[in-house]
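# Residue-level structural notes
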Amino acid sequence: MEQKLSPGIQRYVEKANELGARRAAFRAGIRKLKFDTIAVHGTYGVEEAFASGQGGVIEPIFPSTSQAYRDSDEMEAGLGYLIPTWCYSRIHNPTVFYLEETLALLESYGCEDDASGLCTSSGMSAIKLVVEPLLAKKREGHEEINFVSAAQVYGGTFQLFNVRMRERGAKVRFVAEPWDIEAWRAQVDENTRFLYGEMPSNPQQGCFDVAAVAQLAHNDGIPLIVDATVATPALMRPLEHGADVVVHSLTKTVGAGGFSIGGGIVARHAITSRHLPEEAKADYATWLKLWPFRDAGPCMSANSAFLFLNELRTLRLKIEKFSANTMAVARFLEQHPKVECVDYLGLAHHRQHELASRYLRLVDDGTPTFGHLMSFDIKGSPADTRRFFDALQRIYRATDLGRIKSVATLPAISTHSQQGEEGRKLAGIPPTMVRLCVGGEHPDDVIADLEQALRQI
Ligand SMILES: *Cc1c(COP(=O)(O)O)cnc(C)c1O
């Protein structure tokens, strides 16, 4: 039953609606700007700078855990979600909101539909948060629930899907060849709740046809979720190609400086799902924030949000540079006698090159651009691989990705150690594989480090 609001609360609601309309008009104007302009400014403008930040040019950090209310009416309206409020920083925080808005605007750039964002404590918490409501049981008792995912996903995601989701009765069906649309079609049935893929995947650089898989999902009344951590919105925006939700480990490429763990969710408004309640589908990211996220608590700190925001401002510049450097390093490794093969989407012989060229394009420029992630296999034994790896002098040995500093990993003993030999085989991770993420150094110096380490074999 509709509850009648007291005049005091009513006044707060009216004032909030007025401010909300002003803000919506301002945001609509921002949506028309170019990518770099949105990245630099987000939704923080001159008016807000003077209203809340004493004219500060840069978005302020709000470290406060909670918000004070003018009176009981405002408190009741705020905590009842009748007016926008940040009330308590586990639910909402102004600095985190600047980041959420900027990320949402960048991910929905060039997309007709609008989108909302939600930032979380880590990439894994973002993925867990997005998939769980989709896997809720509709009936009591035994019910078959499955979801379909590309097999080439981040090691943590593989575990979350294969172990944690199975524990709660949802079965993952992995697609071993996600670039083949028929391979997806074969796994989907009436109990499938969503489709999931990484584009491109870490570390195998698996690709899939986002538009075709989104179409397949929608024909079945279910959403497509894409992890676009490696691509970032500077190279690809899955919403534009029909995906419903994008997830990010902001820890990685977006947070290239390597200062904090963080995750991001961007969901288009009115996502497709025949399993979610109507109120959840309308604005999934905001619904997640107000309900499951609030109850579970994986929030991002204001300090982290501030640093991620700062990284977003120069995102396109960095991705362009990392990509050019990675191409130079890939060309060097390709002709080296101690390297068995080089896997980089930018190389013409890569079996996903054509598909990647279609999707990975520098924003507002259109040039196919392939990012900073590559891998190569050492010609030799796992022991030779370790000898090479241990000899690196400037390239850091770290399970990390997308850094301003070049980093290398042996996936078989790090990111993909948990899933065992069988799981690694399914995901295509041999023990001689080296994952390399080329950063912002001059490529000649990265090549020199690789060259001296390869001489140790
Ligand atoms: C690292 C990573 C994740 C997990 O993110 P965290 O921030 O480490 O929790 C998810 N997806 C991809 C592609 C990743 O590389």
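Quick caveat: nothing in here was measured; it's all calculated off a predicted structure.

Procedures and definitions
Here, residues in each chain are numbered from 1, in the same order as that chain's written sequence. Restriction of local features to residues with pLDDT of at least 70 applies here, the model being predicted, together with a cutoff of 80 or more for giving and counting side-chain atom pairs; totals for whole chains, interfaces and linings are based on all residues. With hydrogens and water set aside, each side-chain value is computed from the structure's full complement of heavy atoms. Any carboxyl oxygen of Asp or Glu that lies within 4 Å of a side-chain nitrogen of Lys or Arg is treated as forming a salt bridge with it. Under the DSSP-based scheme used, a helix requires at least four consecutive residues in state H or I and a strand at least two consecutive residues in state E, with every element numbered from the N terminus. Segmentation into domains, and thus their bounds, comes from an automatic or database assignment. Any two residues whose heavy atoms approach within 4.5 Å are treated as being in contact. Once two parts are joined, some of their accessible surface, as seen by a 1.4 Å probe, is lost; buried area is that loss totalled over both. Distance and chemistry together define a polar contact, namely a pair of N or O atoms within 3.5 Å, with one atom able to donate a hydrogen and the other to accept it when in protein, and with adjacent residues in sequence counting only for side-chain atoms on both sides. Should DSSP find at least two bridges between two strands, the strands are taken to pair. Here an angle of 0 to 180 degrees is reported between the N-to-C directions of two axes, which are lines fitted to C-alpha atoms, with helices fitted over the stretch in contact. Only buried residues count toward a nonpolar core. Its members are Ala, Val, Leu, Ile, Met, Phe, Trp, Tyr and Cys residues joined through side-chain atoms within 4.5 Å. Think of it in three bands: with a 1.4 Å probe and only protein chains considered, a residue is buried below 20% of the maximum accessible area for its type, exposed above 50%, and partly exposed in between. Definition of nearness: a residue and a molecule or strand are near each other if at least one heavy atom of the residue lies within 4 Å of the molecule or strand. Each accessible area is a Shrake-Rupley result for a 1.4 Å probe, and residues are judged covered by the shown protein chains and nothing else. Gly is placed with the polar residues, together with every amino acid not listed as nonpolar (Ala, Val, Leu, Ile, Met, Phe, Trp, Tyr, Cys and Pro) or charged (Asp, Glu, Lys and Arg). In this analysis, rings of Phe, Tyr and Trp, with Trp reduced to its six-membered ring, are considered paired at centre separations within 6.5 Å, and the interplanar angle assigns stacked below 30 degrees, edge-to-face beyond 60, and tilted for intermediate values. Whether a charge sits over a ring depends on NZ of Lys or CZ of Arg being within 6 Å of the ring centre and within 35 degrees of the ring normal. The crossover handedness rule: strands pointing away from the viewer, path from first strand over the helix to second strand clockwise, crossover right-handed. What sets the label is the angle itself: under 35 degrees gives roughly parallel, over 145 gives roughly antiparallel, 65 to 115 gives roughly perpendicular, and the rest give oblique. What makes a crossing left-handed is the near helix being turned counterclockwise from the far one by less than a right angle; a clockwise turn instead makes it right-handed.

Counted by the stated rule, this structure contains 26 salt bridges. The salt bridge partner of R185 is E182, with a shortest N-O separation of 3.1 Å. Of this pair, R185 and E182 both sit in helix α8 (residues 181–185), 3 residues apart, which is roughly one turn of the helix. The network of salt bridges with common partners includes R23, R27, R31, E101 and D114.

Per the domain assignment, the segments making up the chain are domain 1 (93–312) and domain 2 (315–454). Distance between the C-alpha centres of domain 1 and domain 2: 25 Å. Taken residue by residue, the interface counts 43 residues in domain 1 and 44 residues in domain 2. For the pair domain 1 and domain 2, the summed buried surface comes to about 3,400 Å²; carbon and sulfur atoms form 61% of the total. Broken down residue by residue, the surface that domain 1 buries against domain 2 is led by P203, Q205 and L235, which jointly contribute 22%. At the junction of domain 1 with domain 2, the criterion picks out 2 salt bridges. Here D209 ties to R358 by a salt bridge, and the two come within 3.7 Å at their closest N and O atoms. Our enumeration of links across domain 1 and domain 2 arrives at 18 residue pairs in polar contact (both at pLDDT 80 or more). The set of elements that each furnish at least two residues to the side of domain 1 that touches domain 2 consists of α7 (155–167), α9 (210–219), α10 (232–235) and α13 (302–312).

What follows concerns the sheet that holds strand β5 (residues 224–227). Working definition: the strands of a sheet are paired by backbone hydrogen bonds and lie parallel or antiparallel to each other. The 7 strands are arranged β1-β7-β6-β5-β4-β2-β3 in an open sheet whose pairing can be described as mixed. Strands with a single pairing partner mark the edges of an open sheet, and in this sheet they are β1 (115–120) and β3 (170–175). On average, each strand axis in the sheet is inclined to that of its neighbour by 20°, with strand direction left out of account. Bridge analysis of strand β4 (residues 192–198) against β5 gives 4 bridges, and the strand direction is parallel.

This part is about the nonpolar core. By size, the foremost hydrophobic cluster in this structure holds 87 residues, and its most contacted members are L333, F376 and L450. The two domains that each donate at least three residues to this core are domain 1 (93–312) and domain 2 (315–454). L333 has contacts with V339, V342, M374, F376, L436, L450 and L454, leaving out every residue within four places of it along the chain.

Moving on, we get to the site of the ligand. Taken together, 14 residues lie near the ligand, and N202, D227, S249, T251 and K252 sit nearest. With respect to the ligand, the backbone of M124 contributes an N or O atom lying 2.9 Å from an oxygen atom. Relative to its unbound accessible surface of 380 Å², the ligand loses 94% to contact with the protein. Tallying contributions element by element places helix α6 (residues 123–131) first for the shell around the ligand, with 3 residues. Grouping the amino acids of the shell around the ligand by side-chain chemistry returns 4 nonpolar, 7 polar and 3 charged.

What follows deals with the packing of aromatic side chains. Applying the stated rule across the entire model yields 12 aromatic pairs. Relative to W291, the ring of Y81 has its centre 5.3 Å away and its plane inclined at 85°; by these criteria the two rings are edge-to-face. One end of the pair, Y81, is in the loop between α4 (72–79) and α5 (94–107); the other, W291, is in helix α12 (residues 284–296), with 210 residues separating them in the sequence. Classification of Y81 as partly exposed rests on a relative accessible area of 24%. Assessed through its relative accessible area of 38%, W291 is described here as partly exposed. Centre to centre, the rings of F259 and F308 are 5.2 Å apart; their planes meet at 55°, and the pair counts as tilted. With F259 in the loop between β6 (245–249) and β7 (263–268) and F308 in helix α13, the pair connects residues that are 49 residues apart, well separated along the chain. Judged by its relative accessible area of 32%, F259 is partly exposed. Cluster of aromatic residues (ring-pair linked, three or more members): F147, F161, F194 and Y196. Above the ring of Y154, the side-chain terminus of K252 is found at 4.5 Å from the ring centroid.

Okay, the sheet that holds strand β11 (residues 407–409) next. Sheet architecture is open: 5 strands sit in the order β8-β9-β12-β11-β10, paired in mixed fashion. Each edge of the open sheet is held by one strand with a lone partner, namely β8 (339–343) and β10 (396–397). Relative to β11, β10 runs parallel, the two sharing 2 bridges. Paired with R397 across the two strands is A408, which belongs to β11.

Along β5, one buried face is formed by L224 and V226 and the opposite face, lined by I225 and D227, is buried too. Handedness of the crossover joining β4 and β5 through α9: right-handed. Of the strand pairs in this sheet, β5 and β6 are connected by 3 bridges, and their pairing is parallel. Bridge pairing in β6 links I225 to V245.

Further remarks concern the packing of helix α1 (residues 7–31) against α5. Here α1 crosses α5 at 45°, and the two axes come no closer than 11 Å. When the axis of α1 is compared with that of α5, the two are oblique. Where α1 crosses over α5, the two elements pack in a sense that is right-handed. Touching R23, R27, I30 and R31 of α1 are F97, E101, A104 and L105, all from α5.

A word on the side chain of T95. Mapped onto the elements of the fold, T95 is located in helix α5. Once residues lying within four places of it in the same chain are set aside, the contact partners of T95 are P60, I61, F62, A302, A305, F306 and L309.

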